Amino acid sequence: MRNILITGGAGFIGSHVVRQFLTEHLEYKIVNLDKLTYAGSRANLSDIESRPNYTFVHGDICDYELVREVMAHHAIDGVIHLAAESHVDRSIEDPFVFARTNVLGTLSLLQAAREAWRGNYDGKMFVHVSTDEVYGSLPLLGGELFTEQTPYDPHSPYSASKASSDHFVRAFHDTYGLPTVITNCSNNYGPCQFPEKLIPLFISNIRDGKPLPVYGHGENVRDWLYVGDHARALDMVFHVGRAGETYNIGGGNEWRNIDLVRMLIRTTDRLLGRAEGASDGLITYVQDRAGHDLRYAIDSSKIRCELGWQPLVDFAHGIDITVQWYLNN
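These notes cover the structure that comes with them. (Residues numbered from 1 in each chain as written. Predicted model: local features only at pLDDT ≥ 70, side-chain atom pairs only at ≥ 80, totals over all residues. Heavy atoms only, no water.)

1. Let's talk about the packing of helix α6 (residues 198-208) against helix α8 (residues 257-271)
The geometry of α6 relative to α8 is characterised by a closest axis approach of 10 Å and an angle of 45° between their N-to-C directions. It follows from the interaxial angle that α6 and α8 lie oblique. Classified by chirality, the crossing of α8 by α6 is right-handed. On the side of α6, the interface is formed by Leu198, Ile199, Phe202, Ile203, Ile206 and Arg207, while α8 contributes Leu260, Val261, Leu264, Ile265, Thr268 and Asp269. In terms of residue class, the contact of α6 with α8 is made up of 9 nonpolar, 1 polar and 2 charged. (Axes fitted to C-alpha atoms, helices over the stretch in contact; angles between N-to-C directions. Helix = DSSP H or I, 4+ residues; strand = E, 2+ residues; numbered from the N terminus. Parallel < 35°, antiparallel > 145°, perpendicular 65-115°, else oblique. Left-handed = near helix turned anticlockwise from the far one by under 90°. Contact = heavy atoms within 4.5 Å. Nonpolar A, V, L, I, M, F, W, Y, C, P; charged D, E, K, R; others polar.)

2. Side note on the environment of Phe194
With respect to the helices and strands, the residue Phe194 is situated in the loop between β7 (187-189) and α6. Using a relative accessible area of 25% as the deciding quantity, one classes Phe194 as partly exposed. Remark: the alpha-carbon pair of Phe194 and Gly11, spanning 183 residues in sequence, is separated by 8.1 Å. Look past the residues within four positions of Phe194 in its chain and what remains in contact with it is Tyr38, Ala39, Arg90 and Pro200. (Buried < 20%, exposed > 50% of the residue type's maximum accessible area, 1.4 Å probe, protein only.)

3. Quick notes on the pattern of salt bridges
Per the stated rule, a full pass over the model turns up 20 salt bridges. Arg207 is the partner of Asp208 in a salt bridge, and the nearest nitrogen-oxygen pair spans 3.0 Å. When its relative accessible area of 40% is taken as the criterion, Asp208 is described as partly exposed. Assessed through its relative accessible area of 30%, Arg207 is described here as partly exposed. Arg295 is the salt-bridge partner of Glu254, the closest N and O atoms lying 2.7 Å from each other. Residue Glu254 is found in strand β11 (residues 254-256), and its partner Arg295 is found in the loop between β12 (283-286) and α9 (301-307); the two are separated by 41 residues along the sequence. (Salt bridge = Lys/Arg side-chain N within 4 Å of Asp/Glu carboxyl O.)

4. Side note on the sheet that holds strand β6 (residues 180-185)
Taken in spatial order, the 7 strands of this open sheet run β3-β2-β1-β4-β5-β6-β10, and their pairing is parallel. Each edge of the open sheet carries a strand with a single partner, namely β3 (54-58) and β10 (246-249). Averaged over all pairs of adjacent strands, the angle between their axes in this sheet comes to 20°, without regard to strand direction. Of the pairings in the sheet, the one linking strand β1 (residues 3-7) to strand β2 (residues 29-34) comprises 5 bridges and is parallel in character. Along β2, the bridge assignment pairs Leu5 with Val31. Against the sheet, helix α2 (residues 64-73) contacts β1, β2, β3 and β4 (78-81), and its axis sits at roughly 170° relative to β2. (Pairing = 2+ DSSP bridges.)

5. Looking at the environment of Ile283
Tracing the backbone through its elements, the reader meets Ile283 in strand β12. Taking relative accessible area as the criterion, Ile283 reaches 17% and is therefore assigned buried. Sequence-wise, Ile283 and Ser186 are 97 residues apart; in three dimensions their C-alpha atoms are separated by 25 Å. Dropping the residues within four chain positions of it, Ile283 is found in contact with Leu212, Val214, Ile258, Val261, Arg262 and Ile265.

6. Description of the sheet that holds β11
With mixed pairing, 3 strands are arranged side by side in an open sheet as β7-β9-β11. Each of the sheet's edge strands pairs with one partner strand only, and the pair in question is β7 and β11. When the angles between neighbouring strand axes are averaged without regard to direction, this sheet yields 50°. The sheet contact formed by β7 and strand β9 (residues 221-226) spans 3 bridges and is parallel. Paired with Tyr189 across the two strands is Tyr226, which belongs to β9. Its contacts with the sheet put α8 on β9 and β11, and the angle it makes with β11 is roughly 90°.

7. Side note on the nonpolar core
Counting 30 residues, the largest nonpolar core has Ile30 and Ile80 as the members making the most contacts within it. Elements represented by at least two residues in this core include exactly β1, α1 (12-24), β3, β5 (125-131), β6, α7 (227-240), β10 and α9. Counting residues per element, this core draws most heavily on α7, which supplies 5 residues. Discounting chain neighbours no more than four positions away, the residues touching Ile80 are Ile4, Leu5, Ile6, Thr7, Val17, Phe21, Val127, Val129 and Phe238. In this structure, Val57, Ala83, Leu109 and Phe172 belong to the second largest nonpolar core, which totals 23 residues. (Core = buried A, V, L, I, M, F, W, Y, C linked by side-chain atoms within 4.5 Å.)

8. Structural notes on the packing of α6 against helix α10 (residues 315-328)
Viewed as axis vectors pointing N to C, α6 and α10 meet at an angle of 60°, and their least axial separation amounts to 10 Å. What the angle tells us is that α6 and α10 run oblique. Two packed elements cross with a definite hand, and for α6 against α10 that hand is right-handed. On α10, the residues that touch Ile199, Pro200, Ile203 and Arg207 of α6 are Ile319, Thr322, Val323, Tyr326 and Leu327. Its residues assigned to classes, the contact of α6 with α10 comprises 7 nonpolar, 1 polar and 1 charged.

Given below as structure tokens:
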């Protein structure tokens, strides 16, 4: 029996992690702490709400007294921390919100875990879910990849806030011995993502015949991973990851933004019964985002070799699943 606190479990990735743990570990008690901001919805977990080993707590990770109460009341012995502000454009508009949630919220959880566990760390684990954006940008050419040793070089308020939270996690491990693990993941896609993100936004716009705003010339490259594969990776990291370590999680699946958009057009048009490429004319190039990183690409050989994880969902199949889900919801 484990009592696991998952923060941000009503969000995109978080809801898949909650479902992963409830499906694979029937004996575990899962406590989902979520503020239910614009990006979180209990509807993402409506099918498991009634399970006796699942508890939802509506609250803010920055509320230290609430976090302490949750840790104590539910005898939490594991934390998987996903709650975060994550949209780069929003961070450019209001960086203070990102600093509060991503930095101070993480500090609140770390301190509460340290207090609850009181130095008895046997069987305890704190997994902090971060992003590949903390590493900065890679050249478009040359094949360089982000490794766990890549120096941090964040370029947006969002990535700066996540980099800061990562440093706090490492500091709590090094200073207090708190058993922590950090994961840095590439772009996720799949069902339940908030519609302001690229893939759900563009599926919706293709369906409705609205413009598809592509930053710059669409040359920026991202590594895409199906969200279910990410959830499985976090399951492995929680159970067999080594405290004090960092694990990069990537799909080995790089796509230029413009090529991804064209794939979304082909897939969505096909599933809507339209001629392939019928929506190509919706592509609209717009002024590039400030501080827009050129390329992200993850070297995930460490988690593959040490923990035996690998992505299972083929990208074309994953995009089909994703588009179909958004067209039906």
